[in-house]
Amino acid sequence: MPQHTSNLPVCSHCDGFPNVAITTGQTTPDGQRQTITADCPACHGTGHTTPARAYARAGA
Ligand SMILES: [Zn+2]
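In this text the structure is predicted, and so the values were computed from the model without any measurement.

1. Re the overall build of the protein chain
Counting its secondary structure elements, the protein chain contains one helix and two strands. When the 60 residues of the protein chain are sorted by exposure, 7% land in the buried category. Sequence-distant contacts in the protein chain: of pairs separated by 6 or more residues, those separated by 24 or more amount to 55%.

Structure, rendered in structure tokens:
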């Protein structure tokens, strides 16, 4: 059965949720909760495992 989403395998490090907002527990001067956004270091925020060849070609 063909898949119409993506043929890239889901990143096993973050299970496809590469962008995580971490609440620091502190509030900004505006009174909003201060959060830190972190990208999955394994897939660089893509949510998929990327062949190293692709990064080499991109020069990253
Ligand atoms: Zn990941």
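Next comes the rest of the description.
2. Observations regarding the confidence of the model for the protein chain
Interpretation of this model should avoid reading the predicted coordinates in detail wherever pLDDT is low. When the pLDDT values of the protein chain are averaged, the result is 81; 72% of them are 70 or greater. Within the protein chain, the lowest mean pLDDT, 57, falls on helix H1 (residues 52-58), and the highest, 92, falls on strand E2 (residues 33-39).

3. Description of the pairing of E2
Sheet topology note: the strand E1 (residues 19-27)/E2 ladder contains six bridges and is antiparallel. Residue threonine 27 lies in a different strand from E2, and its bridge partner there is arginine 33. If you look at the hairpin formed by E1 and E2, you'll find five residues sitting between the two strands, and glycine 31 has a positive phi there, around 90°.

4. Digging into the environment of valine 20
Tracing the sequence through the fold places valine 20 in strand E1. Take valine 20: there are 13 C-beta atoms within 10 Å of it, and that puts it in the partly exposed class. Each C-alpha atom, one on valine 20 and one on isoleucine 36, is 8.0 Å from the other, the two residues being 16 residues apart in sequence.

Thresholds, definitions, all that
Residues numbered from 1 in each chain as written. Predicted model: local features only at pLDDT ≥ 70, side-chain atom pairs only at ≥ 80, totals over all residues. Helix = DSSP H or I, 4+ residues; strand = E, 2+ residues; numbered from the N terminus. Buried ≥ 20, exposed ≤ 12 C-beta atoms within 10 Å, placed from the backbone. Contact = placed C-beta atoms within 7 Å. pLDDT = per-residue confidence, 0-100. Pairing = 2+ DSSP bridges.

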